[in-house]
Each structure stands twice: as C-alpha cells, then as structure tokens.
Amino acid sequence: MEPHRKITGSTGVGVVLRHLSVYADPVSSRGRRQGGAAYAIRRLAGLGVLAGLLVAMLILPMACTAGMGARDTASWFQKVPDDLRTPELAQRSRILATDGSTIATFYFENRIDVKLGQVAPVARKSILAIEDSRFYEHGALDSRGTVRALLNNLKPGMGTQGGSGITQQYVKNMLAETAQTKQERQAALAVTPARKLRELRYAVALERQLSKDEILRRYLNIAYFGDGAYGIEAAARHYFSKPAAKLNLSESAALAGIVRNPFAYNPHLHPVAGRARRDVVLSRLADLGWIGKAEAATTARQPLVLRINQTANGCVTSKAPFFCDYVQREILTNPVFGRTGEARKRLLQRGGLTIQTTMDWKVQRAAQHAIDRHVPARNSAHKAAAETLVEPGTGEIKGMAVDRLLGPNRERGKTWINFAADADHGASIGMPAGSTFKVFTLAAALDQDLPFGTRLNAPSGFTPTGYRNCKGQRVGDTKTLHNSSDGEGGRSFSLVTGTWHSVNTFFLGLERKVGLCDTAKMAEKLGMRQGNGKPLEQYPSFTLGFNPVSPTRMAAAYAAFAARGRYCEPIAIKSITDSAGRPVTVPSANCRQAIGKGVADAVTHVLRGVLTKGTASGQGIGRPAAGKTGTVDDFSAAWFAGYTPDLASAVWMGDPRGGFGHPMGDLCMDGNCYGSVFGATIPAPIWHDTMAAALSGTPEHGFHSPPGRYFSKGSGEDNVRIPDVRGMKAARAVQVLRSAGFQVRLASASSDKYPKGTVADTNPGPGSAGPPGNTITVYVSTGKNSKSTGGLAGLKPPPGTTPRH
C-alpha cells in the first residue's frame, strides 16, 4: 500500500486554497492573467484566508485518510459529484370541479413553483439583503460573509450567524428534499463538517451548471417560510392572501425575515418578533442602499397586517368530502397512476397535479341538500343515506353525497366509510340492492323479445326450484318466498304491471323463464358487481337483490338505459396534468353498447310507469323520467334508482350498524314517524328533490319509443272499463278516452238518435274492458238519414287520436 503523502506548506493548503479561491470571490480574467495563482492566494490571504483555511481544514484530513495528495484533493473538489441531483420540488396537487374551482388540495409540502419573474422585485431584494447581499458577486463560497459570521459569533451576546450563501442554502434544502428516508433527511440537516463540505462541493458544481438567476429562483421555491408554507408563492398566499408577484415592501421584508428561523420569526405565531425581524430586513435594505432610509423608516412604523389563508390538506374540510375521497382513492389504488402504493401516494402529495374532475357543483349541492333534508347527519334513528349521480353516455360522476361528515366513525355524524362507493373507493362492501335489481330480469326478458303483454301468475308464495347458474349447476331454495316489502301478488301480471307493482313472485317466475344465468349476465353487462369487487352471486333470489352493491355502480347501470343501452364505467377524473403541464394517463370510461337500443328503450317505457302508476307514483319531476323502487327484506334497507335522458341517480338508505339488526319496519326519526320504510318512502323523495334541483334550467329531453314488436300482445297494462262517451261532442269524447289511457281513431256514422257532431257509438262498445293503450274507434254522428263516410269529412282529428307505438 502506498504510504500517506505528507501535505505541507504551499504543496498542501496552498493548492487547495488556490482552487477554492476561484469559487470564493471570482476575479476578472485580466486580474488572473496579471497575478495568476499568486493573485488568487493573496486575495484569500486577505479577507478570505480564514474562510479558505476553514474549508481546507475540512478537506485535508479526509484527503490524508484516503491517501490523496493536495492536487488530487482539489481535483476531486472541482469534479461534478456523481450523486448531484436537482429534482422537481414537491408541489401541492389540486382537485378541481367542472367549473375550475378547487374541491380539495393535497400536499406533502404546501408549495407552488413559480418563475423568477413571478416574484416581486422587492421580495427578491429583501431575500438577498438579509441572506446573501453579495450573491451576484461571489461564487459558491462568500469568503467575506463566512469571516463576518465567524467574527460575530466570537463576540459575546451576538448570537449565532450563518455563513452559508444562497447557493449553499439551496443545496442544503435540496439534499433534505431528495432524502428518501428519515435517516437521510437527518444527515442532510446535521451540523457536521462532512455535511458542510458536501454542501460546498455541490454548490461549486451548481455555480458551474446554473445561472445565478436560476439558483435564486430555485432557492425561493424551496425555502421554508413557516406555518407549513414552502416556497415564496405559497408563503405569500398563506400570510397575505396574494401571489408573490404582488407583495409590497413590508410584506416582502416580513417573509424574507422568516427564512433564518421559520418558527421564531413567524409573524402569525410570534407577531412581535415577526415585526421586529421585518424591521431588521428593512434596515439592511437601507444600509445596502437598495431602498431609501426614509422609506425604510416609514415602512417600519407601519403595522404588519396579516391576512392568513389556511390551505387545507385532504378531503376532510372539502365541501364535497366523499366525492373528493373517491378521487383520492382512485389515484391511490389504481396502478395506472404508479406501480406501487408508495409511488401513487408520492404522485398525489408531491406531484403538483391539476386533477380535473367530473363533479358539477349544481348537482352536488342538490344531492347534499336533499340527503341532509331527509336523513340528517345526527338523526335520532342513526340512519344513513347516500346518493350518486352519473351522466348517461359518458359515465361521468356528477355528484356524490353521504349524510355524514368525513371523519372518525366514533364521532356522531361522521364516518370514514363512503356508503356511495365500492370497497376500493370508500371501504364500503356495498348494501343489498333489493327490488332495484328486478330491472335486470326485465331487461333480460325484453332482450329475448318477450312482449309487454307477457303474463305470468304471481302466487302469494313461491318456492324457487328449477334454476341453474352460469356454470350449469342447479341452484334452488326450499324456503318459500313471499310478496313482502313493496310488492303484491295472488294474480296474473304482465311485464309492465309486474314491474310497476314490484311483485316478488312475478319476478321469481320471470327469472326462471328467461334463465338465472341470462339475468346475471345482463347485470354484469351493465357493470354490476359486489361492493367488495367480487362477481355477483347467482341464486334464485338474485332478482330480489340480495347481492350487496354500491349506489355508484347502480347509478351507472341505470344510466345505460337512459343512454339507450350504452354502458360507461363510472369515472370521476376527466384529465390530469403534472406540475410541468404534461398530461398524465387517467382511466377511461370504456363506453360500449352493452344492450340493444330497442331493449333499453323498452325498459325505459316500462319504468316510466313506476313514477305515474306504480310503487313511486307521485314522484315525477315534471319531465320524462323513469325509475324503480327497492325495498330489502325485513325493511333492512331501501333504494330508489331513476333517470332522465340527461342524468341518472341511485339513492340508498339504511343503518351503518347493520340493516338486519336495526331495520326500518317502524321508523320514527327526528319527530317524524314513517311506519315501514319502502323505496318510495324516503329514497324516492330524495331522488325527486335532487333531480328537480339538479336539472332546473336544463332543457327537457324525451325518451325514444320502444319498438312495435313489444306491443304484439297489447300494452301490458291491466284492462280498464271503456267510458261511455255517447252523446258527447267529438273533442270532449277524445279527451275522456285519452284520460282513461286509450288511443282514439275517428270515424263517421249516420244516427237517428244522436245529433250531428256528437258521438253515436264506439268500438269496442261502452262498458266493455280493454288494456290501456288500445285504440278505440269513435263514430261521430253525421245526422239523421245521412250517408256514412267511414271518416269525418272536413273535421280535423284532435291531437293524439291515432295509434302511437
């Protein structure tokens, strides 16, 4: 092994000092030509010699230990470090609504990176004045500053001054910022000779790589200003509620004064010390001649006025906390945003993301207001409710509301569980869907071209046998199922009336007719799965909704009917850009034609009657709408899912403690008693109030009529008695018949009994019965002994008097 070299005199310290001098106080090329190395050493031997010696004392012992010579040491010092990294700084991410307003902010460090031109010149001067006034004159090492700090530190009562310039301070912060572990961060901030040497070496490298303006810009963005504000932009917004570009002299001096000790000089926590520190900065600016002494004195006499703006971190304080939480969990759990959970968390908290979401504040507020009105957060019955609204044809989640605040479950009126979402988006494993699942059996039947008039007997009790799942296995139950909840039974029903009245035994029979597997596949085509993410279980009571699901997936499935069979996965994120404005890949809605347009139109045709003639009668919203109630066994939960061509919604209500243990069979809540809670009792009114408010001012759109083949056995409605309209004027007769649900065709006939222009007869005749939707021929008298024309010459039929399918 080569023995250690002895380092002495000019061959040791001198060599190191010569190299350091270049980076301590640069001289002109003319000066270097005249004096060469001797000139540089003389400069250091003056004011800078002590600083140079201090650095040399750090380097040389390490060099001796490593067996390096002085020249090797100097060469090593000048070499760009292999581990020199200047990564992008951690910046806060924002979640935005469709109008660009902020829903929530996420950050590891509250920082907004800005360009140097976005910082007020007076703010830049203030920072330089108090931290490094010769920044643009010296190199990586400010020899004068180092000596001044050392001499002042030796004086009694002078406290401690730092000798590091802007570049070295930036390096220290950068090393702490890039630390991957707690130990690395502690090492980056430790007060040791090794750390100072590393900082100085990096500073030398940066001074060679970057311009002074760029180093200053980076420093201003990385520095900590107390109160959780990192960088001058976040600090300006936090302390003064304005951007850094608009800071005045007083504000700039106050912020500049914080950096040296962000706790002690924090004007929010320590107003007196903060103001005194501001005045120190003002005095320093005047001493340097950067502002006038009169201006400094005038400003110092002014109070330091703060306008604190706290930047919330996370979803808890958001006005849409559960939608926010849904977006957060989407980013933290979806591999598209990173291969590991840690990588995804880092992206959200440090990536400076701009997350444009699908949420519409009008829809969100409508849902939250309706939920809170009907099921208050701290209601006396401890019940809960949740709602999700999805746009048909896009899958975009427009609103998501829960009747709780986001927070610890142990606190009344709060929960961490998002009842509107699946387990992967909110910790909920879903809730039994009840009769809202009957729509998938209806859709499967219509997909097999069963007409509306298809009738099945619906006994009061039904023993489910003869079913096979999609594996071909026989599945059944010896337990007799009944028409409890919101259905009835004991007679024959059609596809239409069985749905309107939500008859359990009818749907059990229909499911057996079309096949359990086909019913399950229909639900899966429309995105349904259990709340825990597993496939739907297949048993005869599938159609009665025993599978636990989420309102979000239910709303997306019903939205497909509104979109004429086009199903889109529910999405909450439209686009994301990173801190540099680069797009980040986001999950797609993967829209597809899941079922035929005619099938979807037929489902809608049937579900429209639920709101006018069925279990949710009276819950219409004054525009074309369709929906289905859902009541779970023993009143353990209740649902309503419905839609217009523009918006779909699903509402759940139940008990977070467990629906079967805390049923709603005789519910009294906050002084109101409801008896047994069906889907139409509270969930449907929530849906009604939400949709009415959310769609107010939105143009009304109609649904498409179903294909004529579904009317091959009539409308499917129960027969009603045909009114006797004989002797009425034609217009009045048409009005009466249409009110009874019939279509009308006009014809003429002579009559000795009824005067000309009045109804002489109808076909079918008065008193007979027929299903609504059938066409009634009305014969209008042409007078005594006149010739019948088979039509009404010269008389225009009233609107709606021809069949419509």
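Owing to the predicted nature of the structure, the values given are computational and were not obtained by experimental measurement. (Residues numbered from 1 in each chain as written. Predicted model: local features only at pLDDT ≥ 70, side-chain atom pairs only at ≥ 80, totals over all residues. Heavy atoms only, no water.)

## Things to note about helix α20 (residues 504-514)
A large share of α20 lies buried, amounting to nine of its 11 residues. Within α20, the full set of buried residues consists of N504, T505, F506, F507, L508, G509, L510, E511 and V514. Where α20 terminates, the next one or two residues include G515, which has phi positive at roughly 105°. (Buried < 20%, exposed > 50% of the residue type's maximum accessible area, 1.4 Å probe, protein only. Helix = DSSP H or I, 4+ residues; strand = E, 2+ residues; numbered from the N terminus.)

## Regarding the state of the cysteines
This model, assessed by the stated rule, comprises four disulfides. Between the sulfur atoms of C568 and its disulfide partner C591 the distance amounts to 2.1 Å. Measuring handedness by torsion sign, the sulfur bridge of C568 and C591 sits at about 115° and is right-handed. Within this pair, whereas C568 is found in the loop between β18 (566-567) and β19 (573-577), its partner C591 is found in the loop between β20 (583-584) and β21 (592-593), the two being separated by 23 residues in sequence. Here C668 pairs with C673 through a disulfide, and the sulfurs are 2.0 Å apart. Because the torsion about its S-S bond is 105°, the bridge between C668 and C673 counts as right-handed. Sequence-ordered numbering of the disulfide-bonded cysteines in the chain gives the connectivity 1-2, 3-4, 5-6, 7-8. (Disulfide = S-S within 2.5 Å.)

## Points about the packing of helix α22 (residues 551-562) against helix α23 (residues 597-608)
With their axes 8 Å apart at the nearest point, α22 and α23 run at an angle of 105° to one another. By the angle between their directions, the pair α22 and α23 is classed as roughly perpendicular. Packed against α22, whose contacting residues are Y558, A560 and F561, the element α23 presents A600, V603, T604 and L607 at the interface. Grouping the constituent residues of the contact of α22 with α23 by class yields six nonpolar, one polar and no charged. (Axes fitted to C-alpha atoms, helices over the stretch in contact; angles between N-to-C directions. Parallel < 35°, antiparallel > 145°, perpendicular 65-115°, else oblique. Contact = heavy atoms within 4.5 Å. Nonpolar A, V, L, I, M, F, W, Y, C, P; charged D, E, K, R; others polar.)

## A short note on the sheet that holds strand β7 (residues 397-402)
Strand order in this open sheet of five strands is β7-β6-β24-β23-β22, and the pairing throughout is antiparallel. One side of each edge strand has no neighbouring strand; the edge strands of this open sheet are β7 and β22 (626-631). Averaged over all pairs of adjacent strands, the angle between strand axes in this sheet comes to 5°, irrespective of strand direction. Two strands pair when backbone bridges link them, and β22 and strand β23 (residues 638-643) are joined in this way by six bridges, in the antiparallel orientation. For G630, the partnering residue across the bridge sits in β23 and is W639. (Pairing = 2+ DSSP bridges.)

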